[in-house]
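Listed below, chain by chain, are the residues.
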Amino acid sequence: MDLRRLRYFVAVAEARSVGKAAERLRMAQPPLSVQIRKLEAEVGAPLFRRGTRGMDLTEAGQALLVRASEALASDGIEAARAVASGKRGRLSVGYMFVLANAILPRLIPELRRSVPGVDLDFAELSASTREARVLDRSVTVALCMPAINHPEIQVARIGAQRFMLAMPTSSPLARLGSVPMARLHGRPLIALPHPDHGPASSAVVPLLRRHQVVMPIASRVETVHSAMSLVLAGEGLAILPACAQLGAPRGIVFRPLRDATDSLDIAVCWRRDSQSPLIGTFIKCAEKAVARM
């Protein structure tokens, strides 16, 4: 029998009222009545009789209640075991936009193959939201670049992306195969958030200092796609991880930075106190996806 219909039957039997059972199940009364009638048709006998104190079980109903309770208990135990083993459950994946085009087309099929019984959902994160979304458990895991630095958040580094220079195709620097760091001196920079508000720029600052390059900040933005929009508008240049070029609009080109091998870590981040068995599986799938980038 349909376990859902058995749950409805048990709820009505316990409440001794279709109306009260419907409230408990958070559903309308008419469809619940329909399901009970269908169950009675399947059994071939009435399951309830209406009395002065509500709905009483018939002998057939009493017999079914015993079996239904056993079936639901067994189903519940099996469901709990499946969730505990990582075969079933729900995995909410947060990801930063800069990683979307590079990782998700490889990661999602890998997850579907590895955990076919798990419900997956995905949420885009920004530098200002990613930490809070992990801490409040609205995402189970987060794909971040760079890693989140917080005492309550665990991190697994699964790869890295080298910095490149993003510029309009009309820029004189676009004609170069690679751009010497010295050529950036004095040019306006479209910068990602300050490390205090999101560490996306934390590796860019020491990169410029090490090469004694000063780039006045023309604008400070929160996301890579905002940075590329301003670059396309001619507001300045941006130093971005190489994977950002996969989502670059027409009119922007990326070039390597000569004599600079600085990179940003790609990391999986999750709450330290999370006991989800799906996290280990997710990390393995993410590692495979990054390896194929």
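Our structure's up above, just so we're on the same page.
No experiment lies behind these values; they were computed from the predicted model shown.

A. Just the nonpolar core, in detail. Counting 80 residues, the largest nonpolar core has Leu107, Leu143, Leu184, Ile239, Leu240 and Phe282 as the members making the most contacts within it. Each residue touching Leu184, except ones within four places of it in the same chain, is listed here: Leu165, Leu173, Val179, Val213, Val214, Met215, Leu237, Ile239 and Leu257. The next biggest cluster of nonpolar side chains, apart from the first, holds 21 residues, and it includes Ala11, Leu47, Leu64 and Ala68.

B. Just the packing of aromatic side chains, in detail. The tally for this structure, following the rule as stated, stands at one aromatic pair. With a centroid separation of 5.5 Å and an interplanar angle of 55°, the aromatic rings of Phe9 and Phe48 are classed as tilted. One end of the pair, Phe9, is in helix α1 (residues 3–15); the other, Phe48, is in strand β1 (residues 48–51), with 39 residues separating them in the sequence. Residue Phe48 is classed as buried on the basis of its relative accessible area of 10%.

C. Looking closely at unusual backbone geometry. Each neighbour pair has its own omega, and for Met145 with Pro146 the value is -5°, a cis peptide bond. Within the secondary structure, Pro146 is located in the loop between β5 (141–144) and β6 (153–168). Unusually for a residue other than glycine, Arg137 sits at a positive phi of about 65°. Within the element layout of this structure, Arg137 appears in the loop between α6 (130–135) and β5.

D. Molecular detail of the environment of Gly86. Of note, Gly86 is situated in the loop between α4 (59–84) and β3 (89–96). In this structure the C-alpha to C-alpha distance between Gly86 and Thr281, which are 195 residues apart in sequence, comes to 8.3 Å. For Gly86, the contacting residues outside a window of four places in its chain are Val115, Val118, Pro277 and Leu278.

Quick notes on the rules
Residues numbered from 1 in each chain as written. Predicted model: local features only at pLDDT ≥ 70, side-chain atom pairs only at ≥ 80, totals over all residues. Heavy atoms only, no water. Core = buried A, V, L, I, M, F, W, Y, C linked by side-chain atoms within 4.5 Å. Buried < 20%, exposed > 50% of the residue type's maximum accessible area, 1.4 Å probe, protein only. Contact = heavy atoms within 4.5 Å. Phe/Tyr/Trp six-rings, centres within 6.5 Å; stacked < 30°, edge-to-face > 60°. Helix = DSSP H or I, 4+ residues; strand = E, 2+ residues; numbered from the N terminus.

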